[in-house]
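Observations on the model geometry
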Amino acid sequence: MNKILLYFILFLSSNVFADQDKTINLIVENCKSCHNLNKQVTKKIPDMNNLEKEEFIRLMTKYKNDKDNSVMNRISRVFTDNDILKIADKIYGKK
Amino acid sequence: MEKNRSGRRKFISNTITTLAFLFLANTFLLKRLNSKTRPKIVIVGLGIGGATCLQYLNKISNFVDIIVIEKQNVYQTGPLSNLVIGNILQRKDICFKINKKKYKNVKFIFENVKRIDVENKSVVFSKNLKVKFDFLILSPGISYKNDILKGYNVSDKKNIPHCWDGESNITQFKKRLRDLENNSKIIITSPDYPYRCPPAPYERATLIANYQRKLNKKVKILILDSKNSFTKQENYFREWQINFRDEIEWIPRSKGGKVIFYDQKKNLVKNSDGQIFKGDFIHIIPEQKAASIFFDSELLNDGKDWCEINPISFEINRFKDIYAVGDSIDAWAMPKSAFSANSQAKILAINLINKILEKDYIDPVFLNTCYSFSKEDRAFSISAWYRLNMTKDKIISLGSSESNVYANDNDRKLEAQHAIGWYETMVNDLFM
């Protein structure tokens, strides 16, 4: 019983994605399902290719905090602020 | 200027990543290839799952042999097919041929596969020709249960086509729908879980109502459901209340929705209470199971309808070097959707590359977003992230969430745009 409780507490207290670099890479692979990160193929989805890194972080943080149930709000609400920074690093490179 | 700088930075970053990848791939693969011949990867099925695997494995196509086997050279997507039925898109808008120029090291074979010869690691074609593999990826879609609904045979051409896969005759379906007279009654039977694209029966009913209204015809659509609830239910109820209050009625299993008998000649179905429903257009959406190749090749565990896999590698349980992805697998919490298949196939391909490079597997993360339309400019969605459980033997959801039931017209319109945008991005990546 104690063991189950310990697992449960660990589960709740950790980041949902454990904040590992490899996991971040996979998250970005999933972003590519809607956002082509090499070229703009549609005008119906916001283009991330011409965004600056800071703007990306600002937008993602806004989506996460908006609580408007938009697609991006629902997708980003599981991220920590650190997840968002790491996703930005992966897409736009580290400065 | 800023945009140029950003683009340049990105180009340099992408080039470095690609060069580093090629260097590492070379180093690891040469080590492996010194001791063994070039690995041969065979992909069966070029739908969303198979094409995604191909897209990712193509990155190492200089070092491995890749063969793709598909029965048709034109692929009709499941996603957006309800928009074709609802006369919002044309069939040509959802049909694609693979762009072979993008995959110049890949061999394509357009043939029917008969079965997998597990012992000899080969794919057997209908003409008894064989192709050997070191690694096999199966992404063949689904098949149908023929023993659930008495009187109904899936392959009977006189039935209204189910249109649940690219093989079904969507043009004939539309013609019969267009020919319906005013005040016709349409019956749609919705299958029990699990099945491909859970919200699609309700989207189809809604878009048929929308189409009939444009034809100035009044119809009554009765959805007889084998289930007591369905995904995005509240959003559908809201859309029906706003736009199709008089046209669509949903009957859950608990109120007689489970259909057990079909009479094609008399145009009627009977439910489990013996109640009879007559219709002018009876559209049976059949109960589903894994594609027949899994049964014919004895790749399933006893009594199972779906393929059981390892959630990290997607290797089929008990069958080394044979992998499965997409709608035929039991993916635990993940629904059978194109987005799921796309996300799963990325992990399969990445971890297969890791295996070939003799690197550790990466613990997967998956995403699903499933859009549904109620009109050409109104859509809503459900999304969830997925990861492994603590014991790493199943996929769990981090919690799914839907669009606001009371979303305004602009939000519905924006989601309709996003749905088409997701589709355009995906088919561009995979097929163009």
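Residues numbered from 1 in each chain as written. Chains lettered and ligands numbered in written order. Predicted model: local features only at pLDDT ≥ 70, side-chain atom pairs only at ≥ 80, totals over all residues. Heavy atoms only, no water.

Re the pattern of salt bridges
Residue and element names in this part refer to chain B. All told, the structure shown has 28 salt bridges over all chains when counted by the stated rule. Residues Glu287 and Lys258 are paired through a salt bridge, measuring 3.9 Å at the closest nitrogen-oxygen approach. Here Glu287, found in the loop between strand 17 (281–284) and strand 18 (288–290), pairs with Lys258, found in the loop between strand 13 (248–251) and strand 14 (259–263); they are 29 residues apart in sequence, far enough to count as distant. Glu287 gets classed as buried once you look at its relative accessible area, which sits at 11%. For Asp363, the salt bridge identified is with Lys392, shortest N-O distance 2.6 Å. Pair noted here: Asp363 is in the loop between helix 8 (338–356) and strand 20 (365–375) and Lys392 is in the loop between strand 21 (378–388) and strand 22 (395–397), with a separation of 29 residues, a long-range link. Connected via shared salt-bridge partners are Lys121, Glu315, Lys320, Asp321 and Lys355. (Salt bridge = Lys/Arg side-chain N within 4 Å of Asp/Glu carboxyl O. Helix = DSSP H or I, 4+ residues; strand = E, 2+ residues; numbered from the N terminus. Buried < 20%, exposed > 50% of the residue type's maximum accessible area, 1.4 Å probe, protein only.)

Topic: the sheet that holds strand 12 (residues 219–225) of chain B
Residues and elements named next belong to chain B. Across the sheet, four strands lie side by side as 13-12-11-17; this open sheet has parallel pairing. Edge positions in the sheet fall to strand 13 and strand 17, since each has one partner strand and no second. Between one strand and the next, the sheet's axes are offset by a mean angle of 15°, whatever the strand orientation. Pairing analysis gives four bridges linking strand 12 to strand 13, with the strands arranged parallel. Bridge pairing in strand 13 links Ile223 to Trp250. The strands touched by helix 5 (residues 200–214) within the sheet are strand 11 (184–190), strand 12, strand 13 and strand 17, with strand 12 carrying the most contacts at an inclination of about 175°. (Pairing = 2+ DSSP bridges. Axes fitted to C-alpha atoms, helices over the stretch in contact; angles between N-to-C directions. Contact = heavy atoms within 4.5 Å.)

A look at the packing of helix 3 (residues 53–66) of chain A against helix 5 (residues 81–92) of chain A
All names here are of chain A. Direction vectors running N to C along helix 3 and helix 5 enclose 145°, while the axes themselves pass 10 Å from each other. Considering the relative orientation of helix 3 and helix 5, their crossing is right-handed. Between helix 3, through Lys53, Phe56, Ile57, Met60, Thr61 and Lys64, and helix 5, the contact on the second element is made entirely by Asp81, Ile84, Leu85, Ile87, Ala88, Asp89, Ile91 and Tyr92. (Left-handed = near helix turned anticlockwise from the far one by under 90°.)

Quick notes on the state of the cysteines
Residue and element names in this part refer to chain A. Under the criterion given, the structure shown has zero disulfides over all chains. Considering cysteine sulfurs only, Cys31 is the nearest to Cys34, which forms no disulfide, with 8.7 Å between them. On the basis of relative accessibility, which here comes to 14%, the residue Cys34 falls in the buried class. (Disulfide = S-S within 2.5 Å.)

Observations regarding the packing of aromatic side chains
Residues and elements named next belong to chain B. Evaluation of the coordinates by the stated rule reveals 24 aromatic pairs over all chains. Ring geometry for Tyr193 and Tyr195: centres 5.6 Å apart, planes at 10°, overall stacked. Since its relative accessible area comes to 41%, Tyr193 is described here as partly exposed. Relative to Tyr236, the ring of Phe230 lies with its centre 5.9 Å away and its plane at 55°, an arrangement referred to as tilted. Ring pairs connect the aromatic residues Tyr75, Phe96, Phe339, Tyr371, Trp422, Tyr423 and Phe431, which therefore count as one cluster. We note Arg204 situated over the ring of Phe173; from NZ or CZ to the ring centre the distance is 5.5 Å. We note Lys336 situated over the ring of Trp306; from NZ or CZ to the ring centre the distance is 3.8 Å. (Phe/Tyr/Trp six-rings, centres within 6.5 Å; stacked < 30°, edge-to-face > 60°. Lys NZ or Arg CZ within 6 Å of the ring centre and 35° of its normal.)

Section: the environment of Asn50(A)
Residues and elements named next belong to chain A. The topology assignment puts Asn50 in the loop between helix 2 (21–31) and helix 3. Residue Asn50 is classed as partly exposed on the basis of its relative accessible area of 40%. Placed eleven residues apart in sequence, Asn50 and Lys39 show a C-alpha to C-alpha distance of 9.5 Å.

Here we look at helix 8 of chain B
Residue and element names in this part refer to chain B. Over its 19 residues, helix 8 extends 27 Å from the first C-alpha to the last, a length consistent with the 27 Å expected when each residue adds 1.5 Å. The buried fraction of helix 8 is high, at 18 of 19 residues. One or two steps after helix 8, the chain reaches Glu358, where phi turns positive at roughly 60°. (Expected span 1.5 Å × (residues − 1).)

Some thoughts on the sheet that holds strand 5 (residues 106–110) of chain B
All names here are of chain B. The parallel open sheet is built from five strands, whose spatial order is 5-2-1-9-19. Edge positions in the sheet fall to strand 5 and strand 19 (322–324), since each has one partner strand and no second. Strand-to-strand twist in this sheet, taken as the mean axis angle between neighbours without regard to direction, amounts to 20°. By the bridge criterion, three bridges tie strand 9 (residues 135–138) to strand 19 in an arrangement that is parallel. When the sheet's bridge partners are listed, Leu138 is paired in strand 19 with Ala324. Here helix 2 (residues 48–57) sits on the sheet in contact with strand 1 (40–44), strand 2 (65–70), strand 5 and strand 9, set at roughly 155° to strand 1. Helix 8 rests against strand 1, strand 9 and strand 19 of the sheet, and its axis sits at about 175° to strand 9.

Shape is all these values report; function is a separate question.
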